[in-house]
Amino acid sequence: MPRESEENDACGPGSAGARILRHAAELKRFSRRNFLIGTGTASVLAADMLLTRRVQTARRVNDILTVPDETAEKYFPKASWILFPGYKTSWEEAQWILNALRGALNKRGQLAAVGYSNVGLDIDQIVIAVIEFVRARNLTTLYFYGHSFGGMVATQVAARLRELHGFEVAFILLDSSPNSRHDVLDQSWFEGVVFLYETGFRFPSVLRGGYELGERMLHKDERSWGQVLDQTLEQLSPIAPSSVLIQSESAYIYHYDASRFAGKLGDTRMAFIGNPRDRTVDYETARDAWMLTFKANMVSDELRTDGARPAHASPGWNPAVYRPLIEELQDELFPLPSGGGKKTAF
C-alpha cells in the first residue's frame, strides 16, 4: 500500500515527474524555425566578432590609402593630395571622401589618405608613413586636406616633414578644423574620455552603440534620420576605428597646441573653409585662431560651405558644395600653365 501511494505521488500533478513531462512537451513544441533563427543569429554575431578582430588586427600600422585615378596619374605623376581624416573616420570613409572630391582634387594631384593605426594615434609613425610614400613614388609636391581634426594632424605632420626631412608641403586645406579644444562646442565628452584613456582604461567596443547614437541625436538638426542611422552603424561595423584609436584622437585634440608649429611651415600656404551653422566646431573662433596663429601662411579664410548638411566637415555627403571651393582655391593658388595643358605637376 505505501508503495502504491509513493508511485501516485511521483506522478501527481505537482510531482517532479510531472514537471519533467511538461518541460519535455514544451521542448517538443519549440518550433524548428525559432531554433534555426536563434542559431543563425548566434552564428552571425560570432562571425561579426571574428571579422572585427581580424580587421582590427590587420590595421595595427598606419597606412597610406590610395584611390587610383588615371587622369591624375598621367598629368601629375610627381604630385599628390593626402587626406588626413577626421575624428572617428574609418579607412573606407576616407577613401569615400576622396572619391567624392575626385573631380576637383585630380586637377592638381593624385589621391591618397592616411589610414590611422587602430593601436592609437601616433604622429611619429604617420610622418614615417608619409615620407616613405613620398620616396616610393618620387613625389615632389604634396597638398594636405585636413578633414575636421585632421587639420590639426596635417599641420603637425607638415611641420615635422620640413624639420626632419627637409620636405615642404605646398598647401594645407583646413576643413572646419578646430585650432584647439576650445573651438569644440561640446567639450563635455572630453574630460571623461581623456581622463579614462590617460589612466589606462579602454572602452570596450560593445559600449559604443549608445554613445554613438546619442552623440548624433544631440546634433539631429544637422542630419537627416538616414544620416543618423548610417553614421551610427558605421561606428559599429567591423571596419570602424577601434575604441583605442578614438580615445587617443580625443586626447590629441584635448592637448593640441597649434602655436608649437607657428613659424615652422616655411612657405606652405594654408586656407580655412567652414560653415557658420557648424554645431560641432565654432566656425568663428576656429577660423580666427588659425588666421592669427599662422598669419604668415594663411591665404584664405572666406570660403564657406553654406548649404552643406551636416554643416561640419561633410565633403563626402556634399561634394557639390565642396568641389567648386577646392577648384577655386587651386586655380588661385596653383594655376596651371597657360596654353600648356596639364603637362606639369606643381
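To be clear, the structure that these remarks concern was listed above.
Predicted, not measured: the structure shown is a model, and the values here were computed from it. (Residues numbered from 1 in each chain as written. Predicted model: local features only at pLDDT ≥ 70, side-chain atom pairs only at ≥ 80, totals over all residues. Heavy atoms only, no water.)

Draft legend 1. Structural context of the packing of aromatic side chains. By the definition in use, this model includes 13 aromatic pairs. Ring geometry for Trp-96 against Trp-317: centres 5.3 Å apart, planes inclined by 90°, an arrangement best described as edge-to-face. Taken together, the residues Trp-96 in helix 5 (residues 91–105) and Trp-317 in the loop between strand 7 (298–300) and helix 13 (319–333) connect sequence positions 221 residues apart. On the basis of relative accessibility, which here comes to 28%, the residue Trp-317 falls in the partly exposed class. By way of ring pairs, the aromatic residues Trp-81, Tyr-143, Tyr-145, Phe-171 and Phe-334 are connected into one cluster. (Phe/Tyr/Trp six-rings, centres within 6.5 Å; stacked < 30°, edge-to-face > 60°. Helix = DSSP H or I, 4+ residues; strand = E, 2+ residues; numbered from the N terminus. Buried < 20%, exposed > 50% of the residue type's maximum accessible area, 1.4 Å probe, protein only.)

Draft legend 2. View of the pattern of salt bridges. Applying the stated rule across the entire model yields 9 salt bridges. Taking the shortest distance from any N to any O, the salt bridge between Arg-59 and Glu-92 comes out at 2.4 Å. In this pair, Arg-59 is assigned in the loop between helix 3 (32–58) and strand 1 (63–67) and Glu-92 in helix 5, connecting sequence segments 33 residues apart. Residues Asp-306 and Arg-304 are paired through a salt bridge, measuring 3.2 Å at the closest nitrogen-oxygen approach. Note on Asp-306: relative accessible area 42%, which makes it partly exposed. Taken together, the salt bridges that share partners define one network made up of Glu-284, Arg-287 and Asp-288. (Salt bridge = Lys/Arg side-chain N within 4 Å of Asp/Glu carboxyl O.)

Draft legend 3. Broad picture of the pairing of strand 3 (residues 110–115). Strand 3 sits mainly inside the fold: 6 of its 6 residues count as buried. Going residue by residue along strand 3, you find Gln-110, Ala-112 and Val-114 tucked away on one face and Leu-111, Ala-113 and Gly-115 tucked away on the opposite face as well. Here 5 bridges tie strand 1 to strand 3, and the two strands are oriented antiparallel to one another. Directly across from Asp-63, in strand 3, lies its bridge partner Gly-115. (Pairing = 2+ DSSP bridges.)

Draft legend 4. Summary view of helix 5. With 15 residues, helix 5 should cover 21 Å at 1.5 Å per step; its first-to-last C-alpha distance of 18 Å lies more than 12% under that length. Taking the largest bend as the criterion, helix 5 deviates by roughly 40°, centred on Asn-99. Residues of helix 5 that are buried: Trp-91, Glu-93, Ala-94, Ile-97, Leu-98, Ala-100, Leu-101, Ala-104 and Leu-105. (Expected span 1.5 Å × (residues − 1). Bend = angle between axes of the 7 residues up to and from the residue.)

Draft legend 5. Geometry of the nonpolar core. Grouped together as the largest cluster of nonpolar side chains are 48 residues, with contacts concentrated most on Phe-84, Ile-126, Phe-144, Val-153 and Val-157. Looking at this core, the element that brings in the most residues is helix 6 (residues 123–137), giving 8 residues. Other than its neighbours up to four places away in sequence, Phe-84 contacts Val-114, Tyr-116, Ile-126, Phe-144, Tyr-145, Gly-146, His-147, Gly-150, Val-153, Ala-154 and Val-157. (Core = buried A, V, L, I, M, F, W, Y, C linked by side-chain atoms within 4.5 Å. Contact = heavy atoms within 4.5 Å.)

Draft legend 6. Geometry of the packing of helix 5 against helix 13. Packing of helix 5 against helix 13 brings their axes to within 8 Å, and their N-to-C directions diverge by 35°. When the axes of helix 5 and helix 13 are compared, the crossing they make is right-handed. Here Ala-100, Leu-101, Gly-103, Ala-104 and Leu-105 of helix 5 come into contact with helix 13, specifically with Pro-319, Tyr-322, Arg-323, Ile-326, Glu-327 and Gln-330. Partitioned by chemical class, the residues of the contact of helix 5 with helix 13 number 7 nonpolar, 2 polar and 2 charged. (Axes fitted to C-alpha atoms, helices over the stretch in contact; angles between N-to-C directions. Left-handed = near helix turned anticlockwise from the far one by under 90°. Nonpolar A, V, L, I, M, F, W, Y, C, P; charged D, E, K, R; others polar.)

Draft legend 7. The arrangement of the environment of Phe-144 in detail. Among the structural elements, Phe-144 can be located in strand 4 (residues 141–147). Here Phe-144 is in contact with Trp-81, Ile-82, Phe-84, Ala-154, Val-157, Ala-158, Leu-161, Val-169, Phe-171, Ile-172 and Leu-173, once residues within four sequence places are set aside.

Draft legend 8. How the structure looks around the pairing of strand 4. Most of strand 4 is tucked away, with 7 of its 7 residues classed as buried. Here strand 4 shows a buried face lined by Thr-141, Tyr-143, Tyr-145 and His-147 and a second buried face lined by Leu-142, Phe-144 and Gly-146. As judged from the 6 bridges shared by strand 2 (residues 79–84) and strand 4, these two strands associate in the parallel manner. Counted as the bridge partner of Ser-80 is Leu-142 from strand 4. Of the pairings in the sheet, the one linking strand 4 to strand 5 (residues 171–175) comprises 5 bridges and is parallel in character. In the sheet register, Phe-144 faces strand 5, and the bridge partner there is Ile-172. In this fold, strand 4 hands off to helix 7 (residues 150–165), which returns the chain to strand 5; that crossover is right-handed. (Right-handed = clockwise from strand over helix to strand, strands pointing away.)

Draft legend 9. Fine view of unusual backbone geometry. The residue after Arg-309, namely Pro-310, is reached through a cis peptide bond having omega -5°. Positionally, Pro-310 belongs in the loop between strand 7 and helix 13. Although it is not a glycine, Asn-138 sits at a positive phi angle of roughly 55°. Mapping Asn-138 onto the fold places it in the loop between helix 6 and strand 4. We classify Asn-138 as partly exposed; its relative accessible area is 48%. Backbone geometry at Ser-176 places phi at a positive 60°, although glycine is not the residue there. Within the element layout of this structure, Ser-176 appears in the loop between strand 5 and helix 8 (188–198).

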